[in-house]
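# A look at the structure
Listed below are the residues making up each chain.
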Amino acid sequence: MILTSTREFSSLTTLHLYYITLYDGFLSMYPNLENLTLNCCKIKGSEVLSICHPRLSNLTLENGDCVNEVTPQLKNLTISNYFGGYQISAPELASLIIKGQCPYMFSTDGFPSLEKAQFSLRNIKMLSRSDDSTVIRLLQEFHNVQFLSLSEEVIQVSYKIFFVR
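This section reports on the structure supplied with the text.

## Some details on the overall build of the protein chain
Each helix and strand in the protein chain was counted, giving two helices and 14 strands. Counting contacts in the protein chain only where the partners sit at least 6 residues apart, residues at least 24 apart contribute 22% of the total. For the protein chain, the accessible surface area stands at approximately 8,700 Å², while carbon and sulfur atoms represent 52% of it.

Following this line, the structure appears as structure tokens:
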């Protein structure tokens, strides 16, 4: 299904979409949106799912490829089973949960307000030595987090990177 309506839903605050192809700028239809879940969704004509919304505070992304997210008010972000890269700009982010594959690219504008981060990553043992820097950069982004939860694989790879070399 392709969502192409230009009708505005000004009262909508929560939206869950599954298996939808969206047009670029679809979020402008929801000016008061605060909670968004996208599962197996993509932007028509783009390899990257771009999310930009000034009021969004809770975002869940499931089963996709690359994501570029710019949301100044975002407090909670959950990314599950995204297989590409993540570019995140969310200065108010307090909670970040990443589950699934290790991202091949991860960049942020920093997380000055981040309190909680959880990483349950799979298949990172199979990263080559040149890919180890992805794990190092990922962990370095969270130097000021108050609560950090890591899966066993993240701990094993981190140990290999920092202590075995």
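## Focus: the packing of aromatic side chains
Inspection of every chain in the model, using the stated rule, returns one aromatic pair. When the centroid spacing of 5.7 Å and the interplanar angle of 15° are considered together, the rings of Phe9 and Tyr30 count as stacked. Pair noted here: Phe9 is in the loop between β1 (2-3) and β2 (14-18) and Tyr30 is in the loop between β3 (21-22) and β4 (35-39), with a separation of 21 residues, a long-range link. Residue Tyr30 is classed as buried on the basis of its relative accessible area, which comes to 4%.

## A closer look at the environment of Gln118
With respect to the secondary-structure elements, Gln118 resides in strand β13 (residues 116-122). Sequence separation between Gln118 and Leu150 is 32 residues; the distance between their C-alpha atoms is 6.0 Å. Residues in contact with Gln118, not counting those within four places in the same chain, are Leu96, Ile97, Ile98, Lys99 and Ser149.

## Regarding unusual backbone geometry
In this structure, Tyr19 is a non-glycine residue whose phi angle is positive, near 55°. Along the polypeptide, Tyr19 turns up in the loop between β2 and β3. One non-glycine residue, Cys40, lies in the positive phi region at around 60°. Residue position: Cys40 is located in the loop between β4 and β5 (42-43).

## A short note on the side chain of Ser151
Relative to the helices and strands, Ser151 resides in the loop between β14 (147-150) and α2 (152-164). Given a relative accessible area of 16%, Ser151 falls into the buried group. With near-sequence residues (within four places) excluded, Ser151 lies in contact with Phe119, Ser120 and Leu121.

## Focus on the pairing of strand β10 (residues 85-89)
Where burial is concerned, most of β10 is hidden: four out of the five residues are buried. Note that strand β8 (residues 66-70) and β10 share four bridges and pair parallel. Residue pairing for β10: Glu69 is matched across the bridge by Ile88.

Criteria and cut-off values
- Residues numbered from 1 in each chain as written.
- Predicted model: local features only at pLDDT ≥ 70, side-chain atom pairs only at ≥ 80, totals over all residues.
- Heavy atoms only, no water.
- Helix = DSSP H or I, 4+ residues; strand = E, 2+ residues; numbered from the N terminus.
- Contact = heavy atoms within 4.5 Å.
- Areas by Shrake-Rupley, 256 points an atom, 1.4 Å probe, with all protein chains shown as cover.
- Phe/Tyr/Trp six-rings, centres within 6.5 Å; stacked < 30°, edge-to-face > 60°.
- Buried < 20%, exposed > 50% of the residue type's maximum accessible area, 1.4 Å probe, protein only.
- Pairing = 2+ DSSP bridges.

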